[in-house]
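Architecture at a glance
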4 protein chains.
Amino acid sequence: MDKLIIGDVELDNRLFIGTGKFPNKKIIPDVIKSSESKVITMALRRVDLKSKEENILDYIPKDYILLPNTSGARNADEAVRIARLAKAMGCGNWIKIEVISDNKYLLPDNYETIKATETLAKEGFVVLPYMSPDLMAAKNLVNAGAAAVMPLGAPIGTNRGLETKELIRILIDEINLPVIVDAGIGKPSHAAEAMEIGADAVLVNTAIATAGDPINMGKAFNLSVKAGRIAYLSKTAPEKEFAEASSPLTGFLNK
Amino acid sequence: MDKLIIGDVELDNRLFIGTGKFPNKKIIPDVIKSSESKVITMALRRVDLKSKEENILDYIPKDYILLPNTSGARNADEAVRIARLAKAMGCGNWIKIEVISDNKYLLPDNYETIKATETLAKEGFVVLPYMSPDLMAAKNLVNAGAAAVMPLGAPIGTNRGLETKELIRILIDEINLPVIVDAGIGKPSHAAEAMEIGADAVLVNTAIATAGDPINMGKAFNLSVKAGRIAYLSKTAPEKEFAEASSPLTGFLNK
Amino acid sequence: MDKLIIGDVELDNRLFIGTGKFPNKKIIPDVIKSSESKVITMALRRVDLKSKEENILDYIPKDYILLPNTSGARNADEAVRIARLAKAMGCGNWIKIEVISDNKYLLPDNYETIKATETLAKEGFVVLPYMSPDLMAAKNLVNAGAAAVMPLGAPIGTNRGLETKELIRILIDEINLPVIVDAGIGKPSHAAEAMEIGADAVLVNTAIATAGDPINMGKAFNLSVKAGRIAYLSKTAPEKEFAEASSPLTGFLNK
Amino acid sequence: MDKLIIGDVELDNRLFIGTGKFPNKKIIPDVIKSSESKVITMALRRVDLKSKEENILDYIPKDYILLPNTSGARNADEAVRIARLAKAMGCGNWIKIEVISDNKYLLPDNYETIKATETLAKEGFVVLPYMSPDLMAAKNLVNAGAAAVMPLGAPIGTNRGLETKELIRILIDEINLPVIVDAGIGKPSHAAEAMEIGADAVLVNTAIATAGDPINMGKAFNLSVKAGRIAYLSKTAPEKEFAEASSPLTGFLNK
């Protein structure tokens, strides 16, 4: 499969995974393995150097890309402070911007996200902003120095799939940065669908963490993301209005 | 992955593929390989022992299960005759019943299909009937001795996906035979979706044969079918109406 | 609006309504009025000449077309017996065939329905068979003498809308009888959608009877059925992939 | 039906219509009549006092609310200038803000739209901003003084319906201003669906103007908007997973 390039890193896997909501953090290393994911996101709050049992970093092997997120930030300033803290704590220079002040649907604030992106990109961060799928906001994120855009498919944790599919399709068509679908993906078929329309990667957390068997679900998502990417590159056959026989239909018995 | 049992055969792959519509038959062996399919369907008409260039059997390796179909049959009698001919020609005792007299949408005739199934099952065939997804017809196919039922997702060759999803879901719920979704599957995400709701296998032809790169598309479908099956076994997380944070949302900066 | 002709009756309203599930039967006359429906279906069981309080006929004004249904019938014979009983009880010669032996999804048995249709059509009934949307079964119903076909949109009482839309669209395209969508319609938008694709009428029961305000909901369905029919006759504008401005986009300020 | 209040005006009709794209402007008065619309939008460019044949105002009766739009504006400043011009030309103090610099999908610029809204609301305009359906942008429009928000259902002129349905549903849930779905509505069923989920009104232009029969299509939309509103007020029945009989199912013949 072709590589995905973000910042100056080449990735050979297009499934990013999250570390929240697992019933048991001890299985996270096995999920990372089964999913073959190379980019692992986590809330900075969970990176707590004092409290041993809560430190999510213990569960992430060293050679993976950490993608700390700014969850808990309600505006650009808070996001910037969390990002700097993450870097200072040794989480590297990738940052996923999440600015959320809506507590019911957890929808991101595009405007504050653009501001935070601009500040952090200038400071050398590789900035991946979580966003509401809006073309003009995505253009502003490009101008602000984002390394990718992360539009939501549906509200966080809902598992409802690509409810914003047509808006995401437009971002894929118009934005010259990787488009990573984040939030809402609940099943492997949703992930395959995102990749088939040309998304560059997907981020999945709830759907894996709360599955009956998270380790095998990680594997299922890995396979479906690969399937969707290969299908995109292999050009899917067009939809037709009327039927077309795969096999010859008539005359068989009359010849 | 768990095995699929049809008749007395155990299958370790749940993607069945067809051999019609390929721009170049010479790539069929590579598609069989890339798809890892073990069951290959073909129209009996293409099994022509006289004309060397048209003989589809030359392109199917010996250790695969042949699933000749009765395409061209317009009623039960014709389907029975084609099935017997297939067996006589050495195609084995699996048969996919297709009885079609509708030339525009190529929709199957459930009633004639039940009759052909009854006759052929008694003769020892492993009968896989292609059908319009109707619960009572499926119950009649069970009674007639079918080895599986093959409901359509959409008309043959349309690539539109699971337009009959809710009817198929009911078959899966109520019928104690393998349910193999046949026709209409146009993208790997459609195949994954069918498997996630509990289909036992899918048959794909047009979507692979007419893809830009059929060999890689065969691989994509193989991965997506596996993804969907694993997801089904691993229990997908439920859909929710409101958002649920994967990461802690508030208080981060105030602690 | 154009008339709908069934049997030798001309109807100026394309919404048929049912009388089951109402919390209070006394509002049925008001619902008939608000919906402007001219064809009223009811289970024969409810037509009980002995028990005054249960007799649904008391709630249906005299000048409406009664469409007794054969609910409770599990095969063709039972349906035929119920139909004859209905006629004998003075319910007229219209009959809606319902043959159901599946107690979970309440899906009709097309094969038994065809048999009952054939018998009753010969006896002079105006036969409206409830059916699973299958093209070949619909063709057989035409041959059996049906006056219309009534494919289901979704299982009875689910209010989920046109889950079988593409199969219904094919019936509309191929069958030269009125197509009346029955079952599954849960909202006025579903009814409008059925009419827009060319259905000739819809039958609605649960969605009106169990609404918060059944009388006003009857009105809402009447309006939406009219809207959908007029739209069908007025030819809806086609869907487009890219945007097209309604208003002039550029140059305004430069002129 | 209940009244819709915008600014200090009470409206008894919830269908707004546009005046672009009509093959023949002379039918506009008849469409206004058939649709019963009370709010008519038009591009200011078409309000040309010099050129008689192009002056759209000639086709709008005096007692209707004009809703001039700022189409052609590429940023907030241009929108503000067009709005002031409209007022100066006698179009009243209602203004629909459209700020669009994307020529392919014609998607609005929420950020510039918020700025224009703020300026114009302070000047006493009744501001109705066309927007990409983003909750936080809608909250900002509320704060900026908008009189309603007008989220798009799909890109302008595509007739594809409520592709952004879930995002619009969230606006309806969270925003304490009228939500008017604008753009993308292609069929009466789409309009009914928007109203059923609680939209306060819809604006339709292309779907009426380019229909086979625009005058009757105006009527169809009027009926469907009413149907959807009444259904919303009457509380639609919930969707169910399994079937529920409307009529008694068993025992009929055994009693």
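Residues numbered from 1 in each chain as written. Chains lettered and ligands numbered in written order. Predicted model: local features only at pLDDT ≥ 70, side-chain atom pairs only at ≥ 80, totals over all residues. Heavy atoms only, no water.

Let me state the cut-off plainly: UniProt positions are given in the numbering used here, feature names are shortened, and annotations may be inferred rather than shown by experiment.
In the annotation of an unreviewed UniProt entry, the entry for chain A reads Thiazole synthase, and the organism field reads Maledivibacter halophilus. UniProt annotates chain A under Pathway (unreviewed entry) with the comment "Cofactor biosynthesis; thiamine diphosphate biosynthesis." Checking UniProt for chain A, the heading Sequence similarities (unreviewed entry) contains the comment "Belongs to the ThiG family."

**Topic: the overall build of chain A**
Here is the rule: By the criteria applied, helices consist of DSSP H or I runs no shorter than four residues and strands consist of E runs no shorter than two, each listed in order from the N terminus. As defined in this context, the radius of gyration uses C-alpha atoms, and a globule is described by 2.2 Å times the residue total to the power 0.38. Between two residues, a contact is recorded if the distance between any of their heavy atoms is within 4.5 Å.
Scanning chain A for helices and strands turns up eight helices and 10 strands. Computed over its C-alpha atoms, the radius of gyration of chain A comes to 20 Å, within 12% of the 18 Å expected for a compact globule of 255 residues. Viewed in the frame of its principal axes, chain A has a C-alpha envelope of about 80 × 40 × 35 Å. Restricting the contact set of chain A to residue pairs at least 6 apart, pairs at least 24 apart contribute 64%.

**Let's talk about the packing of helix α2 (residues 76–88) of chain C against helix α3 (residues 110–122) of chain C**
Residue and element names in this part refer to chain C. The test is simple: Here the axes come from fitting lines to C-alpha atoms, over the contacting stretch only for helices, and the angles between their N-to-C directions go from 0 to 180 degrees. Working definition: roughly parallel below 35 degrees, roughly antiparallel above 145 degrees, roughly perpendicular at 65 to 115 degrees, and oblique for all remaining angles. Left-handed is the label given to a crossing in which the near helix is rotated counterclockwise from the far helix by less than a right angle, and right-handed is the label when the rotation is clockwise.
Running from N to C, α2 and α3 cross one another at 40 degrees; their axes reach a closest spacing of 8 Å. Judged by the angle between their axes, α2 and α3 are oblique. Here α2 and α3 pass one another in a crossing that is right-handed. On the side of α2, the interface is formed by A76, A79, V80, A83 and R84, while α3 contributes E112, K115, A116, T119 and L120.

**Looking at the interface of chain C and chain D**
Going by this rule: Each of two parts loses accessible area, computed with a 1.4 Å probe, when they are put together; buried area is these two losses added. We define a salt bridge as a contact between a side-chain nitrogen of Lys or Arg and a carboxyl oxygen of Asp or Glu at a distance within 4 Å.
Listed by partner, the interface residues are 68 residues for chain C and 69 residues for chain D. Taken together, both faces of the contact between chain C and chain D bury some 6100 Å²; the carbon and sulfur share is 61%. Here chain C and chain D share two salt bridges between them. With its nearest N and O atoms 3.7 Å apart, the salt bridge here joins K187 of chain C to E239 of chain D.

**Re the relation of the copies chain A and chain D**
The condition that has to hold: Alignment of the copies relies on least squares applied to C-alpha atoms, considering only residues that score at least 70 for pLDDT in both.
Aligned on chain D, chain A shows an RMSD of 0.0 Å; the corresponding rotation is 180 degrees and the shift along the axis is 0.0 Å. Taken together, the rotation and translation relating the two chain copies correspond to the operation of a two-fold axis. The position closest to the rotation axis in chain A is occupied by the C-alpha of T164 of chain A, lying 3.0 Å away. Both copies share a contact surface, since 100% of the interface residues of chain A are interface residues in chain D too.

**Notes on the interface of chain A and chain D**
Selection rule: The term polar contact refers here to a pair of N or O atoms within 3.5 Å; inside protein, the definition further demands a hydrogen-donor-capable atom paired with an acceptor-capable atom, and it admits residues adjacent in sequence only when both atoms are side-chain atoms.
In this complex, chain A contributes 24 residues to the contact, which on the side of chain D involves 24 residues. For the pairing of chain A and chain D, the buried interface totals around 2100 Å² over both sides, and the portion due to carbon and sulfur atoms is 60%. Two residues, K104 of chain D and E174 of chain A, come together in a salt bridge whose shortest N-O distance is 3.7 Å. At the surface where chain A touches chain D, the tally comes to six residue pairs in polar contact (both at pLDDT 80 or more). When contributions to the side of chain A that touches chain D are tallied by element, the ones reaching two or more residues are α3 (110–122), α4 (135–144) and α5 (165–174) of chain A. Ranked by residues supplied to the side of chain A that touches chain D, first place goes to α5 of chain A with five residues.

**Topic: the UniProt feature "active site" (unreviewed entry) in chain A**
All names here are of chain A. What counts here: Each residue is placed in one exposure class: buried if its accessible area under a 1.4 Å probe, protein chains only, is under 20% of its type's maximum, exposed if it is over 50%, and partly exposed if it falls in between.
Here the UniProt feature "active site" (unreviewed entry) sits at K96. Tracing the backbone shows K96 in strand β6 (residues 94–97). What makes K96 buried here is its relative accessible area of 4%. Leaving out residues up to four positions away in the same chain, K96 has contacts with T41, L67, P68, N69, T70, L128, Y130, M150, D182 and L203.

**Focus on the relation of the copies chain C and chain D**
Each copy superposes on the other: chain C lies on chain D with an RMSD of 0.0 Å after a rotation of 180 degrees and an axial shift of 0.0 Å. Here 100% of the interface residues in chain C have copies in chain D that are interface residues too; the copies meet face to matching face.

**Thoughts on helix α1 (residues 28–35) of chain B**
By the burial criterion, the buried members of α1 of chain B are I28, V31, I32, S34 and S35 of chain B. Positioned one or two residues after α1 of chain B, E36 of chain B has a phi angle of 60 degrees, which is positive.

**Some details on the pattern of salt bridges**
Summed over the entire model, instances satisfying the criterion amount to 60 salt bridges over all chains. For R229 of chain A, the salt bridge goes to D2 of chain A, with nearest N and O atoms at 2.5 Å. In this pair, R229 of chain A sits in helix α8 (residues 214–233) while D2 of chain A sits in the segment before β1 (4–6), placing the two residues 227 residues apart along the sequence. For the salt bridge of E123 of chain D with R84 of chain D, the shortest nitrogen-to-oxygen distance reads 2.5 Å. Remark: R84 of chain D occurs in helix α2 (residues 76–88) and E123 of chain D occurs in the loop between α3 (110–122) and β7 (126–131); sequence separation between them is 39 residues. Given the relative accessible area of 32%, E123 of chain D is considered partly exposed. You can call R84 of chain D partly exposed: its relative accessible area is 41%.

**Side note on the packing of helix α6 (residues 188–196) of chain D against helix α8 (residues 214–234) of chain D**
All names here are of chain D. The condition that has to hold: The nonpolar class holds Ala, Val, Leu, Ile, Met, Phe, Trp, Tyr, Cys and Pro. Asp, Glu, Lys and Arg form the charged class, and all remaining residues, Gly among them, are polar.
Across the interface, α6 lies against α8 with an axial gap of 7 Å and an inter-helix angle of 25 degrees. With respect to their mutual orientation, α6 and α8 come out roughly parallel. Relative to α8, the crossing made by α6 is right-handed. On α8, the residues that touch P188, A191, A192, M195 and E196 of α6 are M217, A220, F221, S224, V225, G228, R229, A231 and Y232. In the contact of α6 with α8, the residues fall into 10 nonpolar, two polar and two charged.

**A closer look at the pairing of strand β4 (residues 39–43) of chain A**
Residue and element names in this part refer to chain A. Let me state the cut-off plainly: The rule for pairing is simple: two strands pair if DSSP sees at least two bridges between them. Orient the strands so they point away from the viewer; a crossover is then right-handed if the path from the first strand over the helix to the second runs clockwise.
Within β4, five of the five residues are buried, which leaves the element mostly enclosed by the surrounding structure. Across the two faces of β4 the burial is the same, with V39, T41 and A43 and I40 and M42 all buried. Of the strand pairs in this sheet, strand β3 (residues 15–18) and β4 are connected by three bridges, and their pairing is parallel. Directly across from I17, in β4, lies its bridge partner I40. Handedness of the crossover joining β3 and β4 through helix α1 (residues 28–35): right-handed.

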